[in-house]
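Breakdown of the fold
Below, each chain spelled out in residue letters.
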Amino acid sequence: MERRRDGMNMEPQLVKSAERTVRILEALAASPDTLTLSELQQRTGFPRSSLHALMRTLVELKWVESDSVRGAFGIGPHALLTGTAYLDKDPALPFAQQTLEDLRAEIGQTAHFARRDESHVIYLATRESREAHHVIPRVGRRLPAHVTALGQALLAQLTDDEVAALLPAPLTSMTAHTITDLAKLTGELDQVRTRGFAYEREQGTPGVACVAVAVDYRIPATDAISCSMPAGLSPAEVSKVTEAVIRHTRALAATLRREGIR
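Residues numbered from 1 in each chain as written. Predicted model: local features only at pLDDT ≥ 70, side-chain atom pairs only at ≥ 80, totals over all residues. Heavy atoms only, no water.

Quick notes on the overall build of the protein
For the protein, the helix and strand inventory stands at 9 helices and 9 strands. The globule rule puts the C-alpha radius of gyration for 262 residues at 18 Å, and the 20 Å found for the protein is close to it. Here the protein contributes 31 positively and 32 negatively charged side chains, and the mean placements of these two sets differ by 3 Å. (Helix = DSSP H or I, 4+ residues; strand = E, 2+ residues; numbered from the N terminus. Rg over C-alpha atoms; globule rule 2.2 N^0.38 Å. Lys, Arg positive; Asp, Glu negative; His and termini not counted. Charge placed at Lys NZ, Arg CZ, Asp CG, Glu CD.)

This is the structure in structure tokens:
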């Protein structure tokens, strides 16, 4: 970080065009549909003239695709190349993928591996239940941490003050069961720390429950393993899934530490 002559720290200055390019790509990635120039302007607040020039450049470089019929834009193939390169270079991912395979084989439910990204979690690997009728693509998906068991397991690695400073106000609501009160969330994180795993029921997706455990190979943990299951499973079945997630996640953490991966 730069320092002024009087010794005070200076905040890093962002390059405006680079920041706007990243914000455009993030807006397109977050949208389930393509966005018109007007919709992009509403979401980013950027001037139409500079937005138009940036979009033309991004389309030319194949980071963005143009839908000529609707006059809209979406993420292009070169964005995928960059995301894939991140996954290819992650030393923990091959071990995590094997853990997901083993977990799914044992309990038959969908298993996920995710990493905390500030106040969100990003899904890095998923193994869908073979009984799943509607497969939801998860890799690369980014969700608010407080609505997922994965995120709650990782937020519990932080202090209450760190959590309060990290999360936005108000907290995003995704279902009628989402925790949107910070005090209630703090109480839930206390329980996660005590029992060693996070459990949420229909907080992120109606009809779905999830249990998650942090992978303790970094301090604080940045990654977690979870298992999604139907919300109607019996307590005995949930207990069986929870025990399996804890056991496999602890084994993964031990392997990563033994391999020297940090």
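Alright, that's what it looks like, and here's the rest.
So, helix α3 (residues 48-60)
Here α3 spans 18 Å end to end across 13 residues, near enough to the 18 Å set by a 1.5 Å rise per residue. Among the residues making up α3, those that are buried are Leu51, Leu54, Met55 and Leu58. Angular distribution of buried residues about the axis of α3 spans 105°; they occupy a single face of the element. Exposed and oriented more than 90 degrees from the buried face of α3 are Ser49, Arg56 and Glu60. Just downstream of α3 lies Lys62, where phi reads positive at about 70°. (Expected span 1.5 Å × (residues − 1). Buried < 20%, exposed > 50% of the residue type's maximum accessible area, 1.4 Å probe, protein only. Arc of directions from axis to C-beta.)

Things to note about the side chain of Gln203
Within the secondary structure, Gln203 is located in the loop between β7 (198-201) and β8 (208-214). Given the relative accessible area of 8%, Gln203 is considered buried. A polar contact of 3.0 Å, which involves the side chain of Gln203, links it to the side chain of Gln152. Once residues within four sequence positions are removed from consideration, Gln203 is found in contact with His146, Val147, Gln152, Met174, Thr175, His177, Thr178 and Ile179. (Polar contact = N/O pair within 3.5 Å; in protein donor to acceptor, adjacent residues only side chain to side chain. Contact = heavy atoms within 4.5 Å.)

Considerations on the packing of helix α1 (residues 16-30) against α3
It is the contact of α1 with α3, at a shortest axis distance of 11 Å, that shows an interaxial angle of 75°. Comparing the axis directions of α1 and α3 gives the class roughly perpendicular. Where α1 abuts α3, its residues Ser17, Arg20, Thr21, Ile24 and Leu28 lie against Ser50, Leu51, Leu54, Met55 and Leu58. Residue composition of the contact of α1 with α3, by class: 6 nonpolar, 3 polar and 1 charged. (Axes fitted to C-alpha atoms, helices over the stretch in contact; angles between N-to-C directions. Parallel < 35°, antiparallel > 145°, perpendicular 65-115°, else oblique. Nonpolar A, V, L, I, M, F, W, Y, C, P; charged D, E, K, R; others polar.)

Quick look at the environment of Val192
Inspection of the secondary structure puts Val192 in helix α8 (residues 182-195). Its relative accessible area of 5% is what places Val192 among the buried residues. Along the chain, Val192 and Arg43 lie 149 residues apart, while their C-alpha atoms are 35 Å from each other. Those residues in contact with Val192 that lie beyond four places of it in its chain are Gln152, Ala153, Ala156, Phe197 and Ala198.

Here's the deal with the confidence of the model for the protein
Predicted coordinates in areas of low pLDDT are best not read in detail. Within the protein, residue pLDDT values average 90, and 93% of them lie at 70 or more. When pLDDT is averaged over each helix and strand of the protein, the minimum, 87, is found for helix α4 (residues 77-88) and the maximum, 98, for helix α6 (residues 149-155). Here residues 1-8 scores under 50 on pLDDT; set against residues more than four positions off or in separate chains, the count is 9 contacts. (pLDDT = per-residue confidence, 0-100.)

A short note on the pattern of salt bridges
Pairs may arise between side chains of opposite charge once their charged atoms sit close together. Per the stated rule, a full pass over the model turns up 13 salt bridges. With a closest N to O distance of 3.0 Å, Arg142 and Asp117 form a salt bridge. Taken as a pair, Arg142 in strand β6 (residues 142-144) and Asp117 in strand β4 (residues 110-117) lie far apart in primary sequence, 25 residues in all. (Salt bridge = Lys/Arg side-chain N within 4 Å of Asp/Glu carboxyl O.)

Describing the sheet that holds strand β1 (residues 35-36)
Pairing within the open sheet is antiparallel, and its 3 strands lie in the order β1-β3-β2. The strands lining the two open edges of the sheet, one partner per strand, are β1 and β2 (64-67). Relative to strand β3 (residues 72-75), β1 is paired through 2 bridges, and the arrangement is antiparallel. By the bridge assignment, Thr36 is partnered in β3 with Ala72. (Pairing = 2+ DSSP bridges.)

Brief notes about the sheet that holds strand β9 (residues 223-230)
The 6 strands lie next to each other as β6-β5-β4-β9-β8-β7, forming an open sheet whose pairing is antiparallel. The open sheet has two edge strands, β6 and β7, and neither has a second partner. Averaged over all adjacent pairs, the angle separating strand axes in this sheet is 30°, with direction ignored. Bridging between β7 and β8 involves 4 bridges; their strand directions are antiparallel. Of the residues in β8, the one forming a bridge with Glu200 is Cys210.

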